[in-house]
Structure formats: C-alpha cells, structure tokens
Amino acid sequence: MLFDVKGLDHKTLNQKVRSFDTNITISGCCGQRFIAAGMKDKHITINGIPGNALGAYLDGATIEVNGNAQDAVGDTMNDGKIIIHGSIGDAAGYAMRGGKIYIQGDAGYRAGIHMKAYKDKIPVMIIGGKAGSFLGEYQAGGIIMVLGMSHTERRIVGNFPCTGMHGGKIILRGNIDHITFPKNVCAKSATEEDIESLRPELTEFCEVFGCDIKKIINSEFTVVTPDSKNPYEQMYVAN
Amino acid sequence: MGIEFIYPEFEVIRNDKRCIACRVCERQCANEVHSYDEDNKIMLSDETKCVNCQRCVALCPTRALKIIKSDCQLRENANWQDDTIKEIYKQANSGGVLLSSMGNPKPMPVYWDKILINASQVTNPSIDPLREPMETKVFLGKKPSQVEKDENGQIICQLEPQLELSMPVMFSAMSYGSISYNAHKSLATAARHLGVLYNTGEGGLHEDFYCYGENTIVQVASGRFGVHKDYLEAGAAIEIKMGQGAKPGIGGHLPGTKIVGDVSRTRMIPEGSDAISPAPHHDIYSIEDLRQLVYSLKEATGYKKPIIVKVAAVHNIAAIASGIARSGADIIAIDGFRGGTGAAPTRIRDNVGIPIELALASVDKRLRDEGIRNNVSIVVGGSIRNAADIVKAIALGADACYIATAALLALGCHLCRTCQSGRCNWGIATQRPELVKRLNPEIGCERLVNLMNAWRHEIKELMGGMGINSIEALRGNRLMLRGIGLTDKELEILGISHAGE
C-alpha cells in the first residue's frame, strides 16, 4: 500500500497508518513526528525524512527509512526493527529494551542512552558510521556497536562515552587510542566470541545496507563494559 | 567505638515484671534488636539497631515494651543541634552522602495549619450531609473553555479524555521496589473499591495488577523502567515524572540489593543491578521537548488517556506550570517539599523546593491570569495529612490531591523513616518475603477504604458548613479561606485575606 503523506499532520498520518492491515510505503514524508508509535506489526517503509520520536515504544513492527531520521528514534522501544538508510539525530534508542536499530550512517549525541536488557531480551543498535558524544550514557544493558565506516573526519565516538554505564556493552571497530573513557568502565580487545555473538545482527546489517561482512569483521574491535553494576554503592550513609 | 561512637537514638524499655520471654519481639524485629539470653532466661536488647518502628511494642502480648528517645544528650546549642552534630560524625566516619527517608522533618511553616475555613451563619444556610446529597465526584482532564455547537445547533459533547474520581483524592506514586507487592496490592484494591486511582510509580506494573488498570496511573520517569506498549495501555492515565517534592532536581537510585525476583522482572533490568533514574529526562530540555514526550505517549495510546506531568514545587513553579499547560498535558501534578520518599539525600530533601500551599496558590493564579486554567487539571501532593488539608487545597485551586504518607500510615507505617534499609518490619518498604507477608493486603485495603470514607465524610461536613454541596463549587473559592498569623506577602501569594478581614 503506497500512501502519500505530504502535508498531513502526525495525528492524521498515524491514524491512517493504523487503519491499514497491509505493509505500507509512505512517500513525501517531511518531519512528521511519532510515526508508528507503539506499533506491533506491519512493515513500514518511509521515503523522505521522518520527524522526531520515530517508532517510539515500538512493539514489534519494522520501520525502514530511505533517508535520514531525526531525534529520539526508537525511544523506549520494546521490540521490532528500525532500519535507517542514512544518518540519525540525537538520543536514538533512549531506554530501548528490545529489538534492533540499524543505522547506515552516523548517529548524533547520546545514542543508546539508558539502554536496558532483561534475561534473553537484549536490544542491539549498530551504527555503521560514527557516533556523537555521550554514547551509551547510563547504559544498563544491551549492545551498541559502532563500525566507523563513514568518511567524515570525526572520531568514531565523540566526548564522554559510557558516562554512568552500569550494564551491557559497547563494541567499537578500529583504533580507539584517542578515545578517553571514564574510570567506571573497562575497555579491552574484543574476543572472537564477542564478534561471533553479533554475527546474526551483523549479517542482517550487511544484507540491508549491502556491505561485505568479511571486510567489517576483518578489523580490530574493542569491547567496553562497566566495572560495576552498582555504581552508587558506598556513596551513601544512612541518616 | 571511641571516636566513631554515636550514642543510640532510642532506648528499649522492657518491663521485666510483664515480660514473659515469649520472644515475639525477637522474631518480629528485622533489625535484630532483641535476643534471648538462654543462660539467664531473659530478653536482651541492642538499642544501637533500633529504629523505633514500634513493631515489637505493637506485638508484645503483655505490653512489656516501650521505646523512648534517649536522653543521653550532646551539649547542644541553638546553632549546633543534636542531629546537626551527629550528621557530621556520620559523614566523618564514612565519607558518605547522607541518605534519609520520608518527608522533610524540619520545622518549616505548614501553611495548612495557618489557614482557616469559613462556615455559614444566618445569611446562607449550611447543609447537613446526612440529610442532603453532597457531590464529591471530580473529573480530571482538559475542560472546554466555551460551549461549541455543530451546524444543527446541537452542543458538541466530545470532551478530551477525563479521569472520574469519586472523591478528590488519589494515591500518589510509590514504585514496586520501593514498596512491597502487598503494599501495591492494598493500594490497587482500595483504589478500585473507592472509585479513585493509585499510581504505579516508576518501577513498572506487576502482571498481577494489570486487572486494576481502570484505577491505575502508570508512570513514565527518566529511567523508563518497565515502560512498554502494554503497560501504557494498561493504565487509565499516564504520568510523566519530571520531579518529586522530596528530591527536586535529582533522580533516583534503587540499590541493586532491592532489584530481586519480581522487582527485576517488572522493571526489566537484571537482578542485582542498580536501577538508576537520571536527574533529567535526557530528551527533555524545553517545554517543546516535553510536548514531544506528551504527544508520543498520546500517539502510542490513541489519544484515549489523559497525560499527567508531575513536577516538584520549586521557585519558578508558576512559569513552569504555564509551560506544562501549553505542552498538551491534561493534568499537572505538583509535589511540595514536605512530600515523602523511600530515599533521598538529606541535604536535598531538607533544603530544596517550596511548600505546596504557596506553589498551588501561585500556579492556580497564574493559569487563571493567562486564561489557560481549563487547559489542565491541577493535582497537589507533598504532605496532605487530613480532610481539612484537602478542603483547603481545593479552595486554593486544586482539582484533587495526591496522598502517599497518609496512605502508608493506614497500612501500618509508623514513620520510623528508615525505608532505605529495606528492613521494614511492617512489610511496606521491603522486598524480604518474610517481612512482606506481614502486610495482609485485604486488611490493608480495608484500612485504606476506612480512612478515605472517613475523610469523605469530613469533606462533606466541611463543605456543608460552608453551604456548598458540590466540590466543584469549592474549587478556587478562596473567599472560603482566611489566614492566621501570616505576613502580608504570604497572604498575597496565597490570595486570601487575614482572619477578621
């Protein structure tokens, strides 16, 4: 079902998207917010630039954007998939606790902030390009992988990655000598298992964006994990 | 001992003539104050561990126990009081940030106690609630500012989503994790019996309580614990927690030791991991950003549920509330600086924020002055202690009140203010199964229903005395209030006259 949303507001747009039983391709998208918020099924393809909070509380649907996306993509996402053929704004995957986000290009500030996990429900975000500052701030679970494959001069992550991190892991590709991590995390070379554990996601990433998995894997990787899951222990005295 | 020693705050007084050494006190005290001396066949007590929760006192079958404040005194003066000095010792001993529970205990003004309520005499009749119908029902949500008609002249009755409360009281947010399963169950079942709502707090909603959804407010806080589509759909309303009266400007940390079993599953974080709610929502830096979160929640739930934005009462609360009223939110909840908490840094709790009475009066005035009062309902909390506080709050402009400390007292809390320890002997602020089962949720529910029914009757009597038979007619009716012993400035902010005027 092809559906032109030029000039529609977000409320009307989402009402229409919900009213269709079939997969949908949206054209003429220009900044409408909250597209597919909380949606459980369907495959939604978006041509254009969706607005903030794309796929917020997403609960199983798949969203594919042929273009860039703005801020707060996949906010508090529970399940499903978001694929961005382009770059993405700030706070992507805030408090995400399930599902996958694949970004071909770069991510803005605070990607993966406060991501969570519970037992075998582990969210994964793969950023093909580079990430802005505060990557994985307060991260409590899940996996963020940054491949650094964009041509910008930027470092693979900006300043202050992993601040307040107390769970999950971040995997960075390539040399990270110039990255300063806070004291509360431990950065070490990735083992083969670390990379193998992400092979299904990496394979899918390469399929949707048409890149060569061998080329990606044939590189050094660093895994960053927190030292403690109780960062505030010992800080308080009962009064 | 020695330089680190701090004399115990309480003494356990045991009447040996009455004590039968039945060891109930020993079994009841999770702090392990009481023990039995096998050799001498007597009970002993280690008062260094006593928090004065009164559990042993209440369960002693021969009334042999009492707890008193110790009279071992430091050489206090007006500047260096006992607790001020001991706080320094505690910090010098440990290097830790002081952490306290429940509301601000400092002798700050309680304006409710300086406000008097009017009554009818001669010129208009008072109403007897036993004889005549009195309406205590309220609806929370956006109200239309004018009547609109369709092309046929028929009134358009479509309203924005509303919450219906049988009386202007709701149980405010206390998370599963900070309080027990049985405490949550008591609140949920009581809310259903009473036709009001309780609030999940930020720890998610236990699967057993989804069936109370119509009487549930689900909360979304900066940590987004347990937030997912079904959770959002489960509640009658969704509350965005921006702040809390006991700790404005900071987040919350539930220690990993309390993240066990169901609490872990409900929050959707691993067992033993700290649950950290960051101080800000990292996607909210402006009213426009707040609007984005409000509308993302509305979109996710099909515009069927009112969105509440909860903020702490702080200095610029009127301007903040004005922004919230324009953000698309349906209800503003304001939490005053005497509000309770399971744990907050002492310095924050005791020094940050403002009294709810002043915040409420200035917010209601500001929204009326700007012509946007009908955009939102106002709910206030932060130490509402009785029916008179509620009547005064409504007359100052609130649509309803949030209560939590009072509800916990009904469940057996004795305000020992050590919730952070997780060893609540009354089964409320704990996750230890042997303690949780001490709170019977059926009895808890009944006691909450009793309390609210008593308050409802008192509210009706106070309203009847003023000649008012509907709570709607009391809202913002500041002519029904007078101040006593307040300065001109305080009266001006409260928008009331002095007694005698």
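Residues numbered from 1 in each chain as written. Chains lettered and ligands numbered in written order. Predicted model: local features only at pLDDT ≥ 70, side-chain atom pairs only at ≥ 80, totals over all residues.

## As for the overall build of chain A
Piece 1. A tally of regular secondary structure across chain A gives four helices and 12 strands.
Piece 2. For a compact globule of 239 residues, the expected C-alpha radius of gyration is about 18 Å, and chain A comes in at 18 Å, within 12% of that figure.
Piece 3. Based on the C-alpha atoms only, the size of chain A along its principal axes is roughly 55 × 50 × 30 Å.
Piece 4. Across the 239 residues of chain A, 52% fall into the buried class.
Piece 5. Intrachain contacts of chain A at a sequence separation of at least 6 include 38% that bridge at least 24 residues. (Helix = DSSP H or I, 4+ residues; strand = E, 2+ residues; numbered from the N terminus. Rg over C-alpha atoms; globule rule 2.2 N^0.38 Å. Buried ≥ 20, exposed ≤ 12 C-beta atoms within 10 Å, placed from the backbone. Contact = placed C-beta atoms within 7 Å.)

## Some details on the sheet that holds strand β15 (residues 307-312) of chain B
All names here are of chain B.
Piece 1. The parallel open sheet is built from eight strands, whose spatial order is β9-β19-β18-β16-β15-β12-β11-β10. Pairing within the sheet leaves two strands with one partner each, and these edge strands are β9 (169-171) and β10 (198-199).
Piece 2. The pairing of strand β16 (residues 331-335) with strand β18 (residues 377-381) spans five bridges and is parallel. Directly across from alanine 333, in β18, lies its bridge partner valine 379. (Pairing = 2+ DSSP bridges.)

## Notes on the confidence of the model for chain B
Piece 1. Taken residue by residue, chain B gives an average pLDDT of 95. The fraction at 70 or more is 100%.
Piece 2. Scoring the predicted complex yields pTM 0.95 and, for the interface, ipTM 0.94. (pLDDT = per-residue confidence, 0-100.)

## Regarding the UniProt feature "binding site: [4Fe-4S] cluster 1" (unreviewed entry) in chain B
All names here are of chain B.
Piece 1. Listed under "binding site: [4Fe-4S] cluster 1" (unreviewed entry) in the UniProt record, and renumbered for this structure, are Cys19, Cys22, Cys25 and Cys60. Taking the farthest pair of C-alpha atoms as the criterion, the annotated set spanning 42 residues converges on one region, since that pair is 10.4 Å apart.
Piece 2. Mapped onto the fold, cysteine 19 is located in the loop between β1 (10-14) and α1 (24-28).
Piece 3. Assessed through the 15 C-beta atoms surrounding it within 10 Å, cysteine 19 is described here as partly exposed.
Piece 4. When sequence neighbours within four positions are dropped, the list of residues in contact with cysteine 19 reads Arg14, Met43, Thr62 and Ala64.
Piece 5. Within the secondary structure, cysteine 25 is located in helix α1.
Piece 6. In contact with cysteine 25, not counting residues within four places along its chain, are His34, Met43, Cys56, Cys60 and Leu65. (UniProt positions renumbered as here; feature names shortened; annotations may be inferred.)

## Description of the interface of chain B and chain A
Piece 1. The partner chain A presents 40 residues to the 38 residues of chain B that form the contact.
Piece 2. Within the residue set of the side of chain B that touches chain A, elements represented by two or more residues are α3 (82-94), β5 (97-100), α5 (229-234) and α7 (287-300) of chain B.
Piece 3. The element that contributes the greatest number of residues to the side of chain B that touches chain A is α7 of chain B, accounting for five residues.
Piece 4. In terms of residue class, the side of chain B that touches chain A is made up of 13 nonpolar, 17 polar and eight charged. (Nonpolar A, V, L, I, M, F, W, Y, C, P; charged D, E, K, R; others polar.)

## Observations regarding the nonpolar core
Residue and element names in this part refer to chain B.
Piece 1. In this structure, Ile332, Ile334, Leu360, Val379 and Cys401 are the most contacted members of the largest nonpolar core, which totals 221 residues.
Piece 2. When residues of this core are assigned to their parent elements, the largest contribution, eight residues, is made by helix α14 (residues 441-465).
Piece 3. Formed jointly, this core draws a minimum of three residues from each of two domains, domain 1 (2-96) and domain 2 (138-149 + 165-498). (Core = buried A, V, L, I, M, F, W, Y, C linked by C-beta atoms within 7 Å. Domains from an automatic or database assignment.)

## A word on α7 of chain B
Piece 1. Here α7 of chain B spans 20 Å end to end across 14 residues, near enough to the 20 Å set by a 1.5 Å rise per residue.
Piece 2. Of all 14 residues that make up α7 of chain B, 10 are buried, and the element is covered over most of its length.
Piece 3. Residues of α7 of chain B that are buried: Leu290, Gln292, Leu293, Val294, Tyr295, Ser296, Leu297, Lys298, Glu299 and Ala300 of chain B.
Piece 4. Looking at the buried positions of α7 of chain B, the neighbouring elements they touch are α1 (10-19) of chain A together with β11 (216-220), α5, β12 (237-241), β15 and α8 (317-325) of chain B.
Piece 5. With its phi angle positive at about 65°, glycine 302 of chain B sits one or two positions after the end of α7 of chain B. (Expected span 1.5 Å × (residues − 1).)

## Things to note about α14 of chain B
An α-helical turn contains 3.6 residues, so any two residues separated by three or four positions project in the same direction.
Piece 1. The end-to-end C-alpha distance of α14 of chain B is 36 Å, a good match for the 36 Å that 25 residues give at a rise of 1.5 Å each.
Piece 2. Where α14 of chain B ends, the next residue or the one after it, glycine 467 of chain B, has phi of about 80°, a positive value.

## Details of the pairing of β18 of chain B
All names here are of chain B.
Piece 1. For β18, the tally of buried residues reaches five of five residues, placing the bulk of the element in the interior.
Piece 2. Neither face of β18 is left uncovered, since the one carrying Ser377, Val379 and Gly381 and the one carrying Ile378 and Val380 both have all their residues buried.
Piece 3. Across two bridges, the pairing between β18 and strand β19 (residues 400-403) is parallel. Counted as the bridge partner of valine 380 is cysteine 401 from β19.
Piece 4. Each parallel crossover has a hand, and the one from β18 via helix α11 (residues 387-396) to β19 is right-handed. (Right-handed = clockwise from strand over helix to strand, strands pointing away.)

## Considerations on the UniProt feature "binding site: [4Fe-4S] cluster 2" (unreviewed entry) in chain B
Residues and elements named next belong to chain B.
Piece 1. In this structure's numbering, the residues bearing the UniProt feature "binding site: [4Fe-4S] cluster 2" (unreviewed entry) are Cys29, Cys50, Cys53 and Cys56. In three dimensions, the annotated residues from a span of 28 residues occupy one location, with a maximal C-alpha spread of 10.4 Å.
Piece 2. One can find cysteine 50 in the loop between β3 (42-45) and α2 (55-59).
Piece 3. Accessibility expressed as a C-beta count within 10 Å gives 22 for cysteine 50, which makes it buried.

## Regarding the domain arrangement of chain B
All names here are of chain B.
Piece 1. Under the domain assignment used here, chain B contains domain 1 (2-96) and domain 2 (138-149 + 165-498).
Piece 2. Just the C-alpha atoms count here: the centres of domain 1 and domain 2 sit 34 Å apart.
Piece 3. Between domain 1 and domain 2, the residue contacts involve nine residues of the former and seven residues of the latter.
Piece 4. Here the residues of the side of domain 1 that touches domain 2 are counted per class, giving four nonpolar, four polar and one charged.

## Description of the pairing of β12 of chain B
Every regular strand shows the same layout, with side chains that alternate between the two sheet faces.
All names here are of chain B.
Piece 1. Across the five residues that make up β12, a large majority, five, are buried.
Piece 2. Here β12 shows a buried face lined by Ala237, Glu239 and Lys241 and a second buried face lined by Ile238 and Ile240.
Piece 3. For β11 and β12, the ladder comprises four bridges, and the chain directions are parallel. Within β12, the position partnered with isoleucine 217 by the bridge is alanine 237.
Piece 4. Note that the unit made of β11, α5 and β12 has a crossover that is right-handed.
Piece 5. Taken together, the four bridges between β12 and β15 define a ladder with parallel strand orientation. Following the sheet pairing, lysine 241 is matched in β15 by lysine 310.

## Concerning the UniProt feature "domain: Glutamate synthase alpha subunit C-terminal" (unreviewed entry) in chain A
Piece 1. Under the feature "domain: Glutamate synthase alpha subunit C-terminal" (unreviewed entry), the UniProt entry names residues 22-191 of chain A.
Piece 2. Structurally, residues 22-191 of chain A is divided into 0% helix and 32% strand, and its ends, taken at the C-alpha atoms, are 43 Å apart.

## Section: the packing of α8 of chain B against helix α10 (residues 356-369) of chain B
Residues and elements named next belong to chain B.
Piece 1. Direction vectors running N to C along α8 and α10 enclose 50°, while the axes themselves pass 8 Å from each other. Regarding the angle of α8 to α10, the classification is oblique. Once α8 is placed against α10, the crossing between them reads as right-handed. In this structure, α8 contributes Ile317, Ala318, Ala321, Ser322 and Ala325 to the contact, and α10 contributes Ala359, Ser362, Val363, Arg366 and Leu367.
Piece 2. Taken together, the residues of the contact of α8 with α10 sort by class into seven nonpolar, two polar and one charged. (Axes fitted to C-alpha atoms, helices over the stretch in contact; angles between N-to-C directions. Parallel < 35°, antiparallel > 145°, perpendicular 65-115°, else oblique. Left-handed = near helix turned anticlockwise from the far one by under 90°.)

## Considerations on the sheet that holds strand β7 (residues 124-127) of chain A
Residues and elements named next belong to chain A.
Piece 1. Spatial ordering of the open sheet is given by β1-β2-β3-β4-β5-β6-β7-β8-β9-β11-β10, a layout of 11 strands whose pairing is mixed. The open sheet terminates on both sides in strands that have one partner only, identified here as β1 (2-4) and β10 (185-189). Averaged over all pairs of adjacent strands, the angle between strand axes in this sheet comes to 15°, irrespective of strand direction.
Piece 2. One ladder, built from four bridges, connects strand β5 (residues 79-84) with strand β6 (residues 100-103); its direction is parallel. Note that in β6 the partner of lysine 81 across the bridge is lysine 100.

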